[in-house]
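Structural features, examined
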Number of protein chains: 2
Amino acid sequence: MSKKPLILVTNDDGINAPGIRTLIQVMKTIGDIIVVAPDSPQSGMGHAITLDSTLYAEEVNINSESHKEYSCSGTPADCVKLAIRELLPRKPDLCVSGINHGSNSSINVIYSGTMSAAIEAGIEGIPAIGFSLLDYSWNANFEASKSFVKTITKNVLKEGIPNGVVLNVNIPNVSEKDIKGIKICRQAKANWVEEFDKRKTPQGKDYYWLTGKFVNLDGGEDTDEWALENNHVSIVPVQFDITAHHFIKTLNTWKLND
Amino acid sequence: MSKKPLILVTNDDGINAPGIRTLIQVMKTIGDIIVVAPDSPQSGMGHAITLDSTLYAEEVNINSESHKEYSCSGTPADCVKLAIRELLPRKPDLCVSGINHGSNSSINVIYSGTMSAAIEAGIEGIPAIGFSLLDYSWNANFEASKSFVKTITKNVLKEGIPNGVVLNVNIPNVSEKDIKGIKICRQAKANWVEEFDKRKTPQGKDYYWLTGKFVNLDGGEDTDEWALENNHVSIVPVQFDITAHHFIKTLNTWKLND
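Residues numbered from 1 in each chain as written. Chains lettered and ligands numbered in written order. Predicted model: local features only at pLDDT ≥ 70, side-chain atom pairs only at ≥ 80, totals over all residues. Heavy atoms only, no water.

**Let's talk about the overall build of chain A**
Which entries qualify depends on this criterion: Secondary structure elements follow DSSP: runs of H or I no shorter than four residues count as helices, runs of E no shorter than two count as strands, and numbering proceeds from the N terminus. Our radius of gyration is a C-alpha quantity, and the globule rule it is checked against amounts to 2.2 Å times the number of residues to the power 0.38. Burial status follows relative accessibility: with a 1.4 Å probe on protein chains alone, a residue under 20% of its type maximum counts as buried, one over 50% as exposed, and anything between as partly exposed. Here, two residues are considered to be in contact whenever any of their heavy atoms come within 4.5 Å of each other. Per-residue accessibility takes into account occlusion by the displayed protein chains alone, with areas from the Shrake-Rupley method and a 1.4 Å probe. The charge count treats Lys and Arg as positive and Asp and Glu as negative. His and the chain ends do not count. Charge positions are represented by NZ for Lys, CZ for Arg, CG for Asp and CD for Glu.
Scanning chain A from N- to C-terminus turns up 7 helices and 11 strands. A globule of 258 residues ought to have a C-alpha radius of gyration of about 18 Å, and chain A, at 19 Å, matches this closely. C-alpha extents for chain A along the principal axes are approximately 60 × 55 × 50 Å. When each of the 258 residues of chain A is scored for burial, the buried share is 60%. In chain A, 76% of the contacts between residues at least 6 apart in sequence involve partners at least 24 apart. In the form shown here, chain A has an accessible surface area of approximately 10400 Å², with 49% of it arising from carbon and sulfur atoms. Positive and negative side-chain charges in chain A, numbering 25 and 31 respectively, have mean positions lying 4 Å apart.

**Looking at the interface of chain B and chain A**
As a reminder, the rule being used: Note on terms: buried area is the combined drop in 1.4 Å-probe accessible area of two parts once they are placed together, counting the loss on both. Salt bridge, as used here: a side-chain nitrogen of Lys or Arg that lies within 4 Å of a carboxyl oxygen of Asp or Glu. Between N or O atoms, a polar contact is any pair within 3.5 Å; within protein, one atom must be a potential hydrogen donor and the other a potential acceptor, and residues adjacent in sequence are included only when both atoms are from side chains. Under the grouping applied here, Gly and all other residues not named as nonpolar or charged are polar, the nonpolar ones being Ala, Val, Leu, Ile, Met, Phe, Trp, Tyr, Cys and Pro and the charged ones Asp, Glu, Lys and Arg.
Contacts between the two partners involve 80 residues from chain B and, on the opposite side, 80 residues from chain A. Carbon and sulfur atoms make up 65% of the area that chain B and chain A hide from each other, which totals about 7200 Å². The largest contributions to the chain B side of the interface with chain A come from B:Y208, B:I242 and B:W254, which together make up 10% of the buried area. For the pair chain B and chain A, the interface holds 6 salt bridges. Note that B:E58 and A:K205 form a salt bridge whose closest N and O atoms lie 3.9 Å from each other. Where chain B meets chain A, there are 22 residue pairs in polar contact (both at pLDDT 80 or more). Residue classes in the side of chain B that touches chain A are distributed as 43 nonpolar, 20 polar and 17 charged.

**Observations regarding the side chain of A:S71**
Take A:S71: it is sitting in strand β4 (residues 68-72). Excluding its chain neighbours within four sequence positions, the residues that come into contact with A:S71 are A:I15, A:A37, A:D39, A:Y56, A:A57, A:E58 and A:V60.

**Considerations on the sheet that holds strand β2 (residues 32-38) of chain A**
Backbone hydrogen bonds hold the strands of a sheet together, and the pairing may be parallel or antiparallel. All names here are of chain A. Threshold: Two strands make a pair as long as DSSP finds a minimum of two bridges between them. Every axis in this analysis is a line fitted to C-alpha atoms, fitted for helices over the stretch in contact. Angles between the N-to-C directions lie between 0 and 180 degrees.
Sheet architecture is open: 9 strands sit in the order β3-β4-β2-β1-β5-β6-β7-β11-β8, paired in mixed fashion. A single partner strand is all that each edge strand has here, and the edge strands are β3 (57-60) and β8 (181-184). Neighbouring strand axes in the sheet, compared pairwise and without regard to direction, differ in orientation by 25° on average. By the bridge criterion, 5 bridges tie β2 to β4 in an arrangement that is parallel. Residue V35 lies in a different strand from β4, and its bridge partner there is E69. Helix α1 (residues 18-28) contacts β1 (6-10), β2, β4, β5 (94-101) and β6 (128-133) of the sheet and is inclined by roughly 140° relative to β5. Across the sheet, helix α5 (residues 145-159) is in contact with β5, β6, β7 (165-171), β8 and β11 (232-239); its angle to β6 comes to roughly 165°.

**Focus on helix α2 (residues 76-87) of chain A**
Most of α2(A) is tucked away, with 10 of its 12 residues classed as buried. What α2(A) keeps buried is the set A:P76, A:A77, A:D78, A:C79, A:V80, A:K81, A:L82, A:A83, A:I84 and A:L87.

**Things to note about the UniProt feature "binding site: a divalent metal cation" (unreviewed entry) in chain A**
Residue and element names in this part refer to chain A. To keep things clear, this is the line we draw: UniProt positions are given in the numbering used here, feature names are shortened, and annotations may be inferred rather than shown by experiment.
When the UniProt feature table is mapped to this numbering, "binding site: a divalent metal cation" (unreviewed entry) covers D12, D13, S43 and N100. Of the residues just listed, which span 89 residues, no C-alpha pair is farther apart than 9.0 Å, and they cluster in one region. Looking at the secondary structure, you find D12 in the loop between β1 and α1. In this structure D12 comes out as buried when scored by relative accessible area, which is 3%. Beyond its immediate stretch of four places on either side in the chain, D12 contacts P38, S40, P41, Q42, S43, G44, P76, N100, G113 and T114. A polar atom in the side chain of D12 sits 3.1 Å from the side chain of T114. Locating N100 in the fold gives a position in strand β5. If we ignore the near neighbours within four places in the chain, the residues touching N100 are D12, D13, T114, F131, S132, L133 and F142. Looking at N100, its side chain comes within polar contact range of the main-chain oxygen of G102, at 2.8 Å.

**With respect to the pairing of strand β10 (residues 206-216) of chain A**
All names here are of chain A. Judged from the 11 bridges that link them, strand β9 (residues 190-200) and β10 form a sheet pairing that is antiparallel. Residue pairing in the sheet places W192 in a bridge with F214 of β10. Between β9 and β10, which follow one another and run antiparallel, lie 5 residues, and G204 among them has a positive phi close to 95°.

Dropping the structure here:
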């Protein structure tokens, strides 16, 4: 019987994306893998799940590999649910998501399909990591990512992650020799200032494209934004108990039951 | 000049849902309102945003009301972004989302379109509240909700909410006289045990419906689940800095840079 860990691999850019192909390559050196990933790009899907329509999962063979791969019609969170309940022979030892084409640092974690897959696995009690490279292009160069992905994954398997926590890893888009190391961080306080591009259809109806500018409002040197700007790989531990515990005491002073 | 607060009203069940119609009724007694809500149901959309397609926002007049209403083709988070940047005359003083048809307590907050709208407003620095009634049916009875929605909203406008926090309010599905009051809570540790209903298309291809059973693993009497089971309205303050601060120290002991 194999003593290798069983690793579920997923993403949000779709099963054919170069990012997940790199992640598969690295994970094959660490464990037995099964891939369950969306059949089409799902960026910006947040933690969406499919409630009102059907889900398909088709076994596919993309690079004549020996492991199993399923292409799924759902969101990243759907992929993880379906994998765990229907497609995998047993509960996986780890779930990895990515490597995303583009940043999921700071507030981007909230909108991220990559991280929603990792969080879904975390909710199921499976150690999970989301990986992202700070390059949005399809032809991003994932070479420098490989050794960091491997190091972090091996540490997670060795040390474990407590229930309720998953890791959000972002990798700067520079060559491996320019990366200064791995840094543990908190999520920077940043947001997007949207600029809608308003246009008219050929029929004269208004419509909008969402565009925006990322604004980092956080000068802290312990943030993921600082780490990435200074050529570190950032790891932010994230949680899905989103209670703002610090505000409970104040709320209890409000006159709500008079 | 009006001294009334400007209130943005949105939801995830769609602009025609009885829940948002009730919320509009209550908010009109408190301030000047503008409605920007999805043109169709968006339940389970999590914090999805529309990146790869166009957005429409059409002015509509549903109940011959004097305030403005826009029906938007996007997700709840899109509605809030578009409202703030394009449709509202100024930054609103408050954003309310709901009243959702169905619970957004405990882990449901992660999947919730209702709460993603409130969180999006929070990211923009606007005090925000998501309201949900524990009845999934379209014909849910929102009568008992009204006074609690009004009380909580007035308190938020009076007291304010700190940056980075929004409120998640859930209302039990019982008559007003049976509701014991409003209770400040933390998010219960609970999850869904999915059961996929596997079927075959008429053409013989496998497909799945997502179904599931909600399992509360948390015996605490300070949770939203406990409050709701005991006929209290629950308020959980939630945050969008999801850093698991408690795990940073341990992570820093890992050998990641050797």
